[in-house]
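Fold and geometry: a report
Letter by letter, the chains look like this.
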Amino acid sequence: MTSEFMAKDQHLLLLESSSHFPLPHGMTFSYGTAGFRAVGSKLPSTVFRAGIVAVLRSLKTGSAVGLMITASHNPILDNGVKIADPDGSMMTQHWEPFAEALANAPNPQSLVELVFHFTKEEGISLGGGGTCAEILLGRDTRPTGEALLEAAKQGIKSIVGAAALDMGILTTPQLHWMVMNKNKGMKASESVYFMQLSESFRCLMDMVPKGTRKDCVDSRVVVDGANGVGGEKLEQLKKLLIGIDIQVRNSGKQGEGVLNEGVGADFVQKEKVAPSGFGTKDVGERCATFDGDADRLVYFRISSSNCNGIDLVDGDKILSLFALFIKEQLHILNKQGDEGTNNVLVTRLGIVQTAYANGASTDFLKQQGLEVVLTPTGVKYLHKKAAECDVGIYFEANGHGTILFSEEYLSKLQKKCDDLACHSPGSEHHKAALRLLAVSKLINQAVGDAISGLLLVEVVLQHMGWSMQDWIDLYNDLPSRQLKVKVADRTAITTTHAETQVLEPSGLQEAIDSEIAKYHKGRCFVRPSGTEDIIRVYAEASSQEAANALAKSVSRHVDHFLG
Ligand code: G16
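Residues numbered from 1 in each chain as written. Predicted model: local features only at pLDDT ≥ 70, side-chain atom pairs only at ≥ 80, totals over all residues. Heavy atoms only, no water.

The name recorded for the protein chain in an unreviewed UniProt entry is Phosphoacetylglucosamine mutase, from Vanilla planifolia. In its Sequence similarities (unreviewed entry) section, the UniProt record describing the protein chain reads: "Belongs to the phosphohexose mutase family." As stated in UniProt under Function (unreviewed entry), the record for the protein chain gives "Interconverts GlcNAc-6-P and GlcNAc-1-P." (UniProt positions renumbered as here; feature names shortened; annotations may be inferred.)

Before going further, it helps to spend a moment on the site of the ligand. Taken together, 20 residues lie around the ligand, and Ser72, His73, Ser529, Gly530 and Thr531 are the ones closest in. Within the side chain of serine 72, a nitrogen or oxygen atom sits 2.6 Å from an oxygen atom of the ligand. Side-chain polar atom of lysine 82 to an oxygen atom of the ligand: 2.8 Å apart, as the coordinates give it. A breakdown of the residues in the shell around the ligand according to their chemical character gives 2 nonpolar, 10 polar and 8 charged. (Near = heavy atom within 4 Å. Polar contact = N/O pair within 3.5 Å; in protein donor to acceptor, adjacent residues only side chain to side chain. Nonpolar A, V, L, I, M, F, W, Y, C, P; charged D, E, K, R; others polar.)

Here we come to the packing of aromatic side chains. All chains considered together, the criterion is met by 14 aromatic pairs. Ring centres of phenylalanine 98 and phenylalanine 118 lie 3.7 Å apart, and the angle between their planes is 5°; this geometry places the pair in the stacked category. Placement of the pair is phenylalanine 98 in helix H3 (residues 96-103) and phenylalanine 118 in helix H4 (residues 108-122), with a sequence separation of 20 residues. What makes phenylalanine 98 buried here is its relative accessible area of 6%. Take phenylalanine 118: its relative accessible area is 7%, and that puts it in the buried class. (Phe/Tyr/Trp six-rings, centres within 6.5 Å; stacked < 30°, edge-to-face > 60°. Helix = DSSP H or I, 4+ residues; strand = E, 2+ residues; numbered from the N terminus. Buried < 20%, exposed > 50% of the residue type's maximum accessible area, 1.4 Å probe, protein only.)

Attention now goes to the sheet that holds strand S2 (residues 65-69). Read across the open sheet, the 5 strands follow the order S1-S3-S2-S4-S5; overall the sheet is mixed. On the outer flanks of this sheet lie strand S1 (36-39) and strand S5 (162-169), each paired with one strand and no other. Strand-to-strand twist of the sheet, defined as the mean angle between neighbouring strand axes without regard to direction, takes the value 20°. Pairing analysis gives 5 bridges linking S2 to strand S4 (residues 133-139), with the strands arranged parallel. Directly across from methionine 68, in S4, lies its bridge partner glycine 138. (Pairing = 2+ DSSP bridges. Axes fitted to C-alpha atoms, helices over the stretch in contact; angles between N-to-C directions.)

Moving on, we get to the UniProt feature "domain: Alpha-D-phosphohexomutase C-terminal" (unreviewed entry) in the protein chain. Taking the UniProt record as the reference, the feature "domain: Alpha-D-phosphohexomutase C-terminal" (unreviewed entry) is found at residues 484-554. The annotated region residues 484-554 carries 28% helix and 30% strand content, and the separation between its end C-alpha atoms amounts to 11 Å.

Right, let's get into the sheet that holds strand S6 (residues 220-224). In any sheet, the strands associate via hydrogen bonds between backbone groups, in a parallel or an antiparallel arrangement. Taken in spatial order, the 5 strands line up as S7-S6-S8-S9-S10 in an open sheet, and their pairing is mixed. Since the sheet does not close on itself, it has two edges, and those belong to strand S7 (245-249) and strand S10 (310-313), each with one partner. For this sheet the average axis-to-axis angle between neighbouring strands, irrespective of direction, equals 30°. The pairing of S6 with strand S8 (residues 287-290) spans 3 bridges and is classified as parallel. Bridged to aspartate 224 within S8 is threonine 289. Docked against the sheet, helix H8 (residues 229-238) engages S6, S7 and S8, running at close to 155° with respect to S7. (Contact = heavy atoms within 4.5 Å.)

It is worth spelling out the domain arrangement of the protein chain at this point. Domain assignment breaks the protein chain into domain 1 (3-188), domain 2 (219-313), domain 3 (316-472) and domain 4 (480-562). Relative to domain 4, the C-alpha centre of domain 1 lies at a distance of 35 Å. Across the contact, 6 residues belong to domain 1 and 6 residues belong to domain 4. The junction of domain 1 with domain 4 conceals about 400 Å² of combined surface from both sides, 42% of it contributed by carbon and sulfur atoms. Of all residues in domain 1, Thr33, Arg37 and His73 bury the most surface against domain 4, accounting for 67% of the area lost on that side. (Domains from an automatic or database assignment. Buried area = accessible area lost by both parts, 1.4 Å probe.)

Summarizing the sequence annotation, UniProt attributes the feature "binding site: Mg(2+)" (unreviewed entry) to Ser72, Asp291, Asp293 and Asp295 in the numbering used throughout. Maximum C-alpha separation among the annotated residues is 7.9 Å over a sequence range of 224 residues, consistent with a single clustered spot. Its place among the elements puts serine 72 in the loop between S2 and strand S3 (78-84). Residue serine 72 is classed as buried on the basis of its relative accessible area of 1%.

Take leucine 67: it is sitting in strand S2. Since its relative accessible area comes to 0%, leucine 67 is described here as buried.

Attention shifts here to the nonpolar core. Among the nonpolar cores identified, the biggest contains 86 residues, and Tyr299, Ile326, Leu454 and Trp471 are the most heavily contacted of them. In terms of residue count, helix H10 (residues 315-334) provides more of this core than any other element does, 11 residues in total. If you look at the next biggest cluster of nonpolar residues, it comprises 44 residues, including Ala38, Met91, Leu137 and Ala152. (Core = buried A, V, L, I, M, F, W, Y, C linked by side-chain atoms within 4.5 Å.)

With that out of the way, let us pick up helix H5 (residues 145-157). Taking 1.5 Å per residue, 13 residues should reach 18 Å; H5 reaches 18 Å between its end C-alpha atoms and fits that length. For H5, the set of buried residues is Gly145, Leu148, Leu149, Ala151, Ala152, Gly155 and Ile156. Buried residues of H5, seen end-on, are gathered within an arc of 160° and therefore sit on one face of the element. Pointing more than 90 degrees away from the buried face of H5 are the exposed residues Glu146, Ala147 and Lys157. Taken together, the buried residues of H5 touch helix H2 (44-61), S2, S3, S4 and S5. (Expected span 1.5 Å × (residues − 1). Arc of directions from axis to C-beta.)

Within the secondary structure, valine 372 is located in strand S12 (residues 371-375). Using a relative accessible area of 16% as the deciding quantity, one classes valine 372 as buried. Considering only alpha carbons, one finds valine 372 and leucine 148, 224 residues apart in sequence, at a separation of 40 Å. If we ignore the near neighbours within four places in the chain, the residues touching valine 372 are Ile351, Gln353, Thr362, Leu365 and Lys366.

Right, dumping it as C-alpha cells:
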C-alpha cells in the first residue's frame, strides 16, 4: 500500500466515523482543570474526539496512553474525560489547545483537516504503516459511562492501527498507575495494583517502631466512598490488609445513595459537614472520605459538641503529616551512625501547594524548614513542579496529592539500602531506607490516589503513635470560606500569580483588595472553576464570621462586575 493510498483511507475512515458523533448544537467544550466535563448525555462527540487525541498522543510518544471516563466530584449526571500521558501523569499541557479545537470542530470535514494539520506539525505519520497506538480505557460507575466508553472506542478505531484495551471499571488513579506500569514494562493489572499496595503497607506496618504509643492508636478507620468506584475497590483491597480495620460506607451499592450527593470529599471539604450515613454514632471516630473517582482524600472527625459539625483534616494536613514523616526518615538516613554509614544521600525535598492551602499550613511547613512553592489549581501543575525534586510532596487542600520520588533518586536509595543491608542490617539507617522505598511503592507515583493515600496516612499515624487529636493539633487552620458565584461567562475572569490576583475585568482586583483590608489576617482570591460553570471565591480571616463576611462581600463584587 502506498502512503498516499493509506492517507486517503485514513481520511475516509475519519470522515465516516466522525459523522456518527456530531457536535451537539450550541455547545462549546473547554479543556478545563482536568479534561472535558459536561452533562454526560452531551459528551459522546467529545469522548469520541478525545479517543482520537489519545491515539495521536500514543503515536507521538510511541507508548501506551490512558483515557479515563469520569467527572470525578461532579454530580451523577455529569461525565467527563481525562487523558493520561505515558508516565501516568495528566496529558501534556501543550496538547490541550489541539484537544479543545478538535472537541469543537463543527463538522467531520473540519475535524479531519485539524487532525491532518496537527499530525503534520507534530511529525506523526497516520495510516498504520507499522506504528501501533495503544490506549488503556477505564471508566467509573456513572450511568453514562458505558455509552461514552463505546464512543471512545469508536474514536480510537477511527485511526488506522490503533488498539483499545478496556481495563474495566476503575478508579482514576488505578488507570493512571496501569498506564505508567505498562510503559515501564511491568504488569498493569488490578490484582498487581492491590498486591503492591498491600505488600508495601505490610512492610511499613512491620517497621512501626516498638514502644511508641501505637497501642493506643486505633487501627479502625471509617471511610465514605462517595457512592462511587473507590468504596467498592477498597472493599476488595481490605481483604488483603493486615493490621487495619476499615469500614466502608456509601460504597455505591444499589440503594445506598447517589454518587457525590451529600457525600464525598468535595462535599465534606467545602461544606465542612459530615457526609450522609455518618452521625452521632461516629463521634470521635477517625473518618475519611473519597470523591467519586477516588483521586481525592480528606479526613474528618465528628465533633462531640456539634454532630452536624466536623473537625476537618484536609489535604494540607495530610501533606503536613507526610512531610514530617519523610523528613524524619531522611534525617535518620543521613545522620552519622555507629555503623559506618556516614555517606550522606543528598535529597532535595520539595513541597507544592496551591493558593487554596490554608495559610496556617504553609506557615507550619516553612517553620519545619521545608521549601514550599505554590502553583495554580490542578494536579497537572502541582505534579510537574513536584517532579523537579528528588522527593516532591504535593497536595491541594481538596485532597488531591501524592509523594513523588525521582527515578534517579530511587536508584541511589536502593543502592544505599543494599549497602546498609550488607554492613548494618536492621540498623535505624537501614530501616529508614527500607521505609522510604516502601513508601515509593505504596503511594501512587502516577497521580494522587485516595486509596494509597489512606493506607499511608494510617501507617504514618501508627508510626508516629498519633491519635486523630494529635494530628488535628499539628496547627490550627485559619478560618476559611469557599463560595460559588454563577455568572454569564466565567472566562471573563483571568488571573495571575498562581491565581491569587485578578487581571481581568479591570477594577475587580482593587475591589477585592479594599475588602481584604477590612479584615485581620484577611486573604481572598477568585478564579473561574475548570470543572464547573462557576466562579470560585476563597476567603480566609482570623475568625469564621470574618471569613464568611469577606467571601460574601467579594462574591457581591464578582456578581456586580460579571453579572
Ligand atoms: C480536578 C483537578 C484538581 C482540581 C479540581 C478543582 O479535580 O484534577 O486538581 O483541584 O479539579 O477544579 P476547579 O476548582 O477548577 O473546579 P477532580 O477531582 O474534579 O478531577
